[in-house]
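# Notes for the structure review
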Amino acid sequence: MSKHIVIDPITRIEGHLRIEAVIDENNTIVDAYSASTMFRGIEEILKGRDPRDCGLLAMRICGVCTGTHYQRSIEAVEHAFNVTIPKNARIVRNLIQGALYLHDHVVHFYHLHALDWVDITKALEADPAKAVAEAQKWAGVAGVHAWGDSVSVYKGVQERLTKFVKQGRLGPFAKGYWGNKHYKLTPEQNLVAVSHYLEALDLQRDAAKMQAIFGGKNPHPQSIVVGGVTCVQDIQNPARIALFKELLMKFRDFIKRAYLPDVYMAGTMYADEALEGTGAGLKNYLSYGDFRLDDTGFYQSALLFPSGIVIGGDISKLLPLEQEKIAEDVTHSWYEGGKPLHPYDGQTIPNYTGFGKKENGIAYLDTDKKYSWIKSPIYDDTRMEVGPLARMVVGVAAKDERITQYVTTFLKKGNLPIGVLFSTVGRTAARAIETELMADVMVEWVDELAKNVASGDLRTWTEFDFNVVSKSARGYGMAEAPRGALGHWVRIEEGKVANYQAIVPSTWNAAPRDYKGRRGAYEASLIGTKVADPDQPLEILRTIHSFDPCIACAVHIVDTKGKELGVYRVDTLCAV
């Protein structure tokens, strides 16, 4: 007899994500549905605004990737106005975004995803001396010296955990599925991972400081403007550049000596699932490409991450990305609309139809009709996955030398075939590979900035005549956020925003069925997954969290009964 289970919310970060799964008599998932129960209306708020102001408002789409939305919005307007920014501005934007990647990926692995692999309670049973040996073993695989590998460090971690337990204040470790038989790490491996979890809580502040050095503050940086950047004094001050590099090198050290070894450790212990392809899902990958490496012009520069499409996991064939083939469907989304629309023509008109049946006090989604606030993006009438795995797969398919080297080296050290990437484990590993790559290339960028400024080039902004080009224009900012492909599209008439649409990573991945009934990336990734205990669906958490869901980006307030919660009017012309 099948069982219909609900996990709501499933995220450990922003947003309301609901997963419903149907499990057969063998505890195998045979169907799954992904839904967001939170409405988004940023696009409507931007209509009628001066397009040069859009970035400051669009960054409020999310409280995590604030700077990414900010930059994509600015780039959409720059594209509409055909503005090319100076070299210093390009490098600074790369460094701000790169710092966000480092911060986001490390926080994701340790604080949002690690507890899907790590059993906190088992760490209390570990022998600290054996934990040292375990840390050294996996650091050796990565070719580095282990981070914090001392008996005193691990004893201290156990003491802290013991105090939590005795006081009944487990904090972030409360309400876990501790003891679930699908936890596979040894007590010593759990202790190593918990130790690095706690270290990362402190170290992640360094990555946030890096974003603030050139961004002005974090979150919600404020130094990016149409035409360039405003952090002129920070660029011209060698001490500020040196501070950025000092923080970068410290954080990079943790990535190489803790993060990478921990991923090798977890990946090896769960290698059977990776080899089986558990969590693979669609195996269709999309990357817009990102991080310009030269100043040859808008969407003409060489990129750190190539753009392109890979279908069915076939890395022997890379298809070119054509933005005209992107559309959004709302057949199963709580919006009005018919056929799929390109973002330039997109609409965001709420049409909340409610949930379906209610049994035993649980309201289930009406999955035959509309059941999510997330739209369903399609590319060339195909469902796609985006994110670090997509970027690495597209990079390998593009025969990009740098990406291929990092992916190949990781797999070789772990004695793993490339096929393991197409899995939940592979999705997590791809993020770690990308993090190491990003940390290394950022060292090159910060040196490039220092050298360029020292040569006497102090330009940070390109002047343009807004009045000439603003009557009628349109543009898009398409690049990558830590979680995947992010695009902002703006259509301008009479100098004001006539239409604005954003398709974000979690829209691509967390979307419901489309007009053909095809599953989104989350939904497809769960099919065939074996659940050890339906009352503790750890395996569902592990796979969905491998995408690093952030649902506030994908949608933004109604309750589940459609009741209006409040109306607020803000007069933006009033003096403070």
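Presented here is a report on the structure given in the accompanying data block.

The rules behind these values
Residues numbered from 1 in each chain as written. Predicted model: local features only at pLDDT ≥ 70, side-chain atom pairs only at ≥ 80, totals over all residues. Heavy atoms only, no water. Helix = DSSP H or I, 4+ residues; strand = E, 2+ residues; numbered from the N terminus. Rg over C-alpha atoms; globule rule 2.2 N^0.38 Å. Buried < 20%, exposed > 50% of the residue type's maximum accessible area, 1.4 Å probe, protein only. Areas by Shrake-Rupley, 256 points an atom, 1.4 Å probe, with all protein chains shown as cover. Pairing = 2+ DSSP bridges. Axes fitted to C-alpha atoms, helices over the stretch in contact; angles between N-to-C directions. Contact = heavy atoms within 4.5 Å. Polar contact = N/O pair within 3.5 Å; in protein donor to acceptor, adjacent residues only side chain to side chain.

### Regarding the overall build of the protein chain
Helix and strand content of the protein chain: 18 helices and 16 strands. In summary, the protein chain has a C-alpha radius of gyration of 23 Å against a globular reference of 25 Å for 576 residues, a match within 12%. In terms of principal-axis extent, the alpha carbons of the protein chain reach across some 70 × 60 × 55 Å. Split into buried and exposed, the 576 residues of the protein chain put 59% on the buried side. Here the protein chain displays about 22,700 Å² of accessible surface, and carbon together with sulfur accounts for 51% of that area.

### Here's the deal with the sheet that holds strand β2 (residues 17–23)
Taking strand neighbours across the sheet as the criterion, the three strands line up as β1-β2-β3 in an open arrangement whose pairing is antiparallel. Every interior strand has two partners, whereas the edge strands, β1 (3–7) and β3 (29–36), have only one. Ignoring strand direction, the axes of neighbouring strands in this sheet form an average angle of 15°. Its contacts with the sheet put helix α17 (residues 538–545) on β1, β2 and β3, and the angle it makes with β2 is roughly 130°.

### A short note on the side chain of His342
Following the sequence through the fold, His342 ends up in the loop between β10 (326–329) and β11 (358–359). The exposure class assigned to His342 is buried, which follows from its relative accessible area of 15%. Of note is the side chain of His342, whose polar atom sits 3.0 Å from the side chain of Gln323. Within the structure, the side chain of His342 is placed 3.1 Å from the backbone nitrogen of Tyr344, a separation counted as a polar contact. Those residues within four positions of His342 in sequence are excluded, and the remaining contacts are Gln323, Glu324, Ile326, Ala327 and Trp489.

### A few points about the side chain of Glu328
Structurally, Glu328 is set in strand β10. Other than its neighbours up to four places away in sequence, Glu328 contacts Pro340, Leu341, Lys375, Ser376, Pro377, Gln501, Ile503 and Thr507.

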